[in-house]
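Listed here are the chains, written in short residue letters.
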Amino acid sequence: MVESLKHDIVIVGSGLAGLRAAIEAARVSGGKADIAIVTKLQAMRSHSISAEGGTAAVLYPELGDSLESHAFDTVKGSDYLADQDAVDRFVSLMPQEIYQLEHWGMPWSRREDGRIAQRNFGGYSYPRATFAEDKVGFFEMQTLYDTATKYDNITFYQEWFATSILAEGGQFMGITAIERKTGNFAAILGKAGIMATGGSGRLYSFATYAYSSTPDGMAIAYRAGIPLKDMEFIQFHPSGLIPSGILITEAVRGEGGLLLNKDGDRFMKKYAPEKLELASRDVVSRGMMTEIEEGRGFKDEKTGLDYLNLDFAPIGAEKIKSRLSGIREIAIKFKGIDPIEKPLPVRPVCHYVMGGIDTNIDGATRLKGLWAAGEAACVSINGANRLGANSTSECLVWGKITGAEAAKYVEGKSTPQPSNETIMIEAGRIFDGIFHGRGGTNPYEVRDKLQRLMAKNVFVFRTGEGLSEALKGIRELKKEEYLHCEDKSRIYNTNLSDVLELEGMLLVAEVVVSCALARTESRGAHSRRDFPKRDDKNWLKHTLAYQKDAGPALEYSPVTVTRYKPMERHY
Ligand SMILES: Cc1cc2nc3c(=O)[nH]c(=O)nc-3n(C[C@H](O)[C@H](O)[C@H](O)COP(=O)(O)OP(=O)(O)OC[C@H]3O[C@@H](n4cnc5c(N)ncnc54)[C@H](O)[C@@H]3O)c2cc1C
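Residue indices begin from 1 for each chain and proceed along its sequence in written order. Only residues with pLDDT of at least 70 are given local features in this predicted model, and only at 80 or more are side-chain atom pairs given and counted; all residues enter the totals for whole chains, interfaces and linings. Neither water nor hydrogens contribute to the side-chain values; these are computed over all heavy atoms in the structure.

## Overview of the overall build of the chain
Just so we agree on the cut-off: What counts as a helix is a DSSP run of H or I of at least four residues, what counts as a strand is a run of E of at least two, and both are numbered from the N terminus. In this treatment the radius of gyration is a C-alpha quantity, and the globule benchmark scales as 2.2 Å times the residue count to the 0.38 power. Contact criterion: two residues are considered in contact whenever any of their non-hydrogen atoms come within 4.5 Å of each other. With residues, only the protein chains shown are counted as cover, and all accessible areas are computed by Shrake-Rupley using a 1.4 Å probe. When charges are counted, neither His nor the chain ends are considered; positive counts come from Lys and Arg and negative counts from Asp and Glu. Charge positions are represented by NZ for Lys, CZ for Arg, CG for Asp and CD for Glu.
Summing up its helical and strand segments, the chain has 16 helices and 24 strands in all. Against the globule reference of 25 Å for 571 residues, the chain gives a C-alpha radius of gyration of 23 Å, in line with a compact fold. In terms of overall dimensions, the chain has C-alpha extents of about 65 × 55 × 50 Å along its principal axes. A separation of at least 24 residues holds for 74% of the contacts in the chain among residues at least 6 apart in sequence. Working note: accessible area of the chain is about 20900 Å², and carbon and sulfur atoms make up 51% of it. Taking the average place of the 71 positive charges on the side chains of the chain and the average place of its 75 negative ones, the gap between the two points comes to 1 Å.

And the structure:
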C-alpha cells in the first residue's frame, strides 16, 4: 500500500520561484491553505542560491529609467519572440518585488546616498540590475526561506524526489515522490500544484548550473501530456570560467570588464559597435565563438579548451573587492588567478533555458489545477534570448502570481483521490522498471555520451547536419539498456535518482533537438549556420512539443505582439 499525504497546494521546487509561490499562497489564503513544498535537495541548496549579478527592476524613473524601457529591452533581447502582454505585466510588477524583499530583510547593496544600488547588464538601456554584492541569489533565497518558515501552514518535504504528476480526467490530483532518506515511495495529493523545478542546463557538461539542474520537472509535465514550449532556445553565457564552467557574472562587464582576444583586441566592437561587451548574451557569445573559430582565441594547454580573456583592470581593485568579492574568491580558489592582477580565461557556457512547461500569462498549464513558475516554465517573457537579471525577477513575479492563483483555486474544493491504479502504474515504472531493472549499459556512460552530443551539435552555432546527428544519437541512447540500478539500498540511493534524472534528460534532449531541427531560421540563441537570417514571415511563433510514442509532435502558437513590431536588432 502506497502512503498518501494530503495538502491543499503541492509546490515542487524550493528555489526562488517555489518559495515565492508558497509565501504568496500562504498570504492570500490568510494562513488557511495547507501548502507542501517538495524539493529533491535541502531547500537552501536549490540552484537559485548561485545567482550572482542582479535582479532587474525599474526603481529610478526620475533618473531616466521607465517600464517601457525595461519592456522594450526585454522584447528586443528576446529577438521579438517574447509575448509582449506578459512582458508588460512582468516589468510593472517587478519594482514592488524589490521593496517587498527589502521589507522581508533583503540586504540590497546601497548607493552613496543610501538608496538601493543598481548596476548595468547586457542589453539594457539603463543600469537596472538590483544587487547584493555578487551574491544576489544567496541573499534572496535566505530572505524568502526565512519568510516561508514563519508560516505554520507551509510544510517542507526536503530531499523528496518527485517522479510524476497524478492526474485523471484532465485534473491535477497530486504527485508521486520518493523520500531519499528512506527510499519510501508516496503519493502527495493536492487540489492544486505548482511546478517550480528550475532549468535543465545539465544536458551539458560545461554548464554554470548545479549538478541537480536536470529537467525532471519538464519531463514529468511532458509525460503528463503538457506541451513544452520553445525548447530550442538555450542560452550560452559568454563567461564560463575554464575548465569548470563556473559562472563569471555579467556584472563584471557591467562594472567595466573587457573581453579581449589573443591580439589584445577588444573584438566586440566588430559585432556590437554600440553596446560592445554589454550586448545581449546571444550576440556576445556568437562574437566570442567567431573569434575562437577564426583563430584569435587562446588554447588551454591542459584541457585543449579554447578561450578568450576577461580583463578586470578597468574596474579597479577597490570595486572588485567591494562589489565582486565572490567572483574574486571563485577565481582564486578554482583557477589560481586573482583577477585584480590577471585576466580570467572564459568561454561561452550553457547557462539558461528560455523554453519550459507551456503556461498562459497567469502561469497556468493546460492541466486543470496545475501551474508552473520560474525557469521550469515558459510564460514567455524571454523568447529566444533572456536578458541577464530578468530570471530571478521572473521567479519572483510568477512565483507570486501562481501562488495567488493556486490559493484562490483551492478555496472550497475537496482533495481529489486518484485511483490506486494510477499510483501503482508509477510505482511499477520505478521499482519494477528501474530499481529491479536489468540491462548491460552503464547509465553514467549514457549521460556522458548525451552531454558530448549536445556540446558538439547543439551549441552556439548549429546546422541541420549537426542537429540530425544529435537526434539520431539521442534516439540510439534512448534504446540502450540503461534503465537499471546497481545499488539496491533504500537509503539515499543516488544511483536510482541519477537514472531517473537521466531518463528525463534523454526525453527533454530529444525535444530540444527536434524543435531546433524544425526551426529553419536564426533567432536569438538559436543560430543556424544553414539558415542565418531571422524569418518573421514563417517563424514568428512559439514551438509546442507534445509527447508521442514516435517522439515529440510539434505544433506552433502565435506570439503576442502589442507595441513593439519586430525590427532588426542592433547593439
Ligand atoms: C551561476 C548562475 C548565476 C545566475 N545569476 C543570475 C542573476 O544574477 N540574475 C538572474 O536573474 N538570474 C541568474 N541566473 C539564473 C537564475 O538563477 C535561475 O534561472 C533561477 O534561480 C531559477 O530558479 P527556479 O526557482 O526556477 O529554480 P531552481 O532554483 O533551479 O530550483 C529548482 C528546484 O526544483 C527542485 N527540483 C527539481 N527537480 C525535482 C524533483 N524531481 N523533485 C523534487 N524537487 C525537484 C530542486 O530541488 C530545487 O529546489 C543565474 C544562473 C546561474 C546558473
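## Comments concerning the sheet that holds strand β1 (residues 3-6)
Test applied: When DSSP finds two or more bridges between a pair of strands, those strands are recorded as paired. Here an axis means a line fitted to C-alpha atoms, over the contact stretch when the element is a helix, while the angle between two N-to-C directions is reported on a 0 to 180 degree scale.
The sheet built from 4 strands is open, its strands ordered β1-β10-β9-β8 with mixed pairing. Strand pairing shows two members of the sheet lacking a second neighbour, β1 and β8 (160-168), which therefore form its edges. On average, adjacent strands in this sheet sit at an angle of 30° to one another, irrespective of strand direction. Across 8 bridges, β8 lies against strand β9 (residues 171-179) in antiparallel orientation. Bridging across to β9, Glu168 finds its partner in Gln171. Docked against the sheet, helix α12 (residues 420-435) engages β8, β9 and β10 (185-189), running at close to 145° with respect to β8.

## A short note on the environment of Asn420
By secondary structure assignment, the location of Asn420 is in helix α12. Through-space distance from the C-alpha of Asn420 to that of Met1 is 9.0 Å; in sequence the pair is 419 residues apart.

## Some remarks on the side chain of Asp73
One can find Asp73 in helix α2 (residues 67-77). In this structure Asp73 touches Gly123, Tyr124, Ser125, Tyr126, Arg128 and Leu387, once residues within four positions along its chain are discounted.

## Re helix α1 (residues 16-28)
The condition that has to hold: What a helix is expected to span follows from its residue count: subtract one and scale by 1.5 Å. Classification of residues uses two cut-offs on accessible area relative to the type maximum, computed with a 1.4 Å probe and protein chains only: under 20% is buried, over 50% is exposed, and between them is partly exposed.
Under the 1.5 Å per step criterion, the end-to-end length of α1 is 18 Å for 13 residues, consistent within 8% with the ideal 18 Å. Taken across its 13 residues, α1 has 11 buried, putting it largely inside the fold. Within α1, burial applies to Leu16, Ala17, Gly18, Leu19, Arg20, Ala21, Ala22, Ile23, Glu24, Ala25 and Ala26. Directly after α1, the chain includes Gly30, whose backbone phi takes a positive value near 65°.

## Concerning helix α11 (residues 390-410)
For α11, spanning 21 residues, the distance from its first C-alpha to its last is 30 Å, which sits close to the expected 30 Å at 1.5 Å a residue. Counted residue by residue, α11 has 19 buried out of 21 residues, so it is predominantly covered. Backbone geometry just after α11 places Gly412 at a positive phi near 80°.

## Looking at the site of the ligand
Going by this rule: Neighbouring residues are identified by heavy atoms, a residue being near a molecule or strand if any of them is within 4 Å of it. By the criterion applied in these results, polar contacts are pairs of N or O atoms within 3.5 Å in which, for protein atoms, one can donate a hydrogen and the other can accept it, and in which residues neighboring in sequence qualify only through two side-chain atoms.
Surrounding the ligand, one finds 38 residues, the nearest of these being Ser46, Ser48, Glu375, Ser391 and Thr392. Ser46 has a polar side-chain atom sitting 2.7 Å from an oxygen atom of the ligand. Within the complex, the protein chains bury 98% of what would otherwise be the 1000 Å² of accessible surface of the ligand. For the shell around the ligand, the elements supplying multiple residues, two or more each, are α1, β3 (35-39), β8, β17 (344-353) and α11.

## Looking at the side chain of Gln235
Note that Gln235 resides in strand β13 (residues 234-241). Note on Gln235: relative accessible area 1%, which makes it buried. A distance of 2.9 Å separates a polar atom in the side chain of Gln235 from a polar atom in the side chain of Arg281.

## Some remarks on the sheet that holds strand β6 (residues 129-130)
As summarised here, the arrangement of the 3 strands in space is β4-β6-β5, forming an open sheet in which the pairing is antiparallel. Looking at which strands have only one partner, the edges of the open sheet turn out to be β4 (55-56) and β5 (118-119). In this structure, β5 lies alongside β6, joined through 2 bridges in antiparallel fashion. Within β6, the residue paired with Arg119 across the bridge is Ala129.

## Points about the pattern of salt bridges
Opposite charge on two side chains lets them pair, provided their charged atoms get close. What counts here: We define a salt bridge as a contact between a side-chain nitrogen of Lys or Arg and a carboxyl oxygen of Asp or Glu at a distance within 4 Å.
Within this structure, the stated rule accounts for 50 salt bridges. Between Arg323 and Glu255 there is a salt bridge, with its nearest N and O atoms 3.2 Å apart. In this pair, Arg323 sits in helix α9 (residues 317-323) while Glu255 sits in the loop between α6 (251-254) and β14 (258-260), placing the two residues 68 residues apart along the sequence. The residue Glu329 makes a salt bridge to Lys333 at a minimum N-O spacing of 2.8 Å. On the criterion of helical spacing, the pair formed by Glu329 and Lys333 is a turn pair, its members being 4 residues apart in helix α10 (residues 325-335).

## Quick word on the environment of Asn261
Position of Asn261 among the secondary structure elements: in the loop between β14 and α7 (268-271). Linking Asn261 and Ala373, residues 112 residues apart in sequence, is a C-alpha distance of 39 Å. The residues contacting Asn261, other than those within four sequence positions of it, are Phe267, Glu291, Arg296, Phe298 and Leu308. A polar atom in the side chain of Asn261 sits 2.9 Å from the side chain of Glu291.

## So, the packing of helix α13 (residues 443-457) against helix α14 (residues 464-479)
So the rule is basically this: For classification purposes, angles smaller than 35 degrees are called roughly parallel, those larger than 145 roughly antiparallel, those between 65 and 115 roughly perpendicular, and all remaining angles oblique. Under this grouping Gly is polar, as are all residues other than the nonpolar Ala, Val, Leu, Ile, Met, Phe, Trp, Tyr, Cys and Pro and the charged Asp, Glu, Lys and Arg.
At a minimum axis distance of 9 Å, the contact between α13 and α14 shows a crossing angle of 170°. Comparing their axes, α14 and α13 come out roughly antiparallel. Between α13, through Val446, Lys449, Leu450, Leu453, Met454, Lys456 and Asn457, and α14, the contact on the second element is made entirely by Gly466, Leu467, Glu469, Ala470, Gly473, Ile474 and Leu477. Residues of the contact of α13 with α14, tallied by class, amount to 8 nonpolar, 3 polar and 3 charged.

## Description of unusual backbone geometry
Following Ile242, the chain continues into Pro243 via a peptide bond in cis, with omega recorded as 0°. Tracing the chain through its elements places Pro243 in the loop between β13 and α6. That bond from Val379 to Ser380 is cis: its omega, 10°, falls within 30 degrees of zero. Note that Ser380 resides in the loop between β20 (377-378) and α11. Here Glu159, not a glycine, exhibits a phi torsion of approximately 60°, which is positive. Relative to the helices and strands, Glu159 resides in the loop between β7 (154-158) and β8.

## A look at the pairing of strand β11 (residues 192-195)
Across the two faces of β11 the burial is the same, with Ala192 and Ile194 and Gly193 and Met195 all buried. Alignment of strand β2 (residues 9-12) against β11, held across 4 bridges, turns out to be parallel. Paired with Ile11 across the two strands is Ile194, which belongs to β11. Relative to strand β19 (residues 370-372), β11 runs parallel, the two sharing 3 bridges.

Take it as geometry only, folks, not as evidence of what the structure does.
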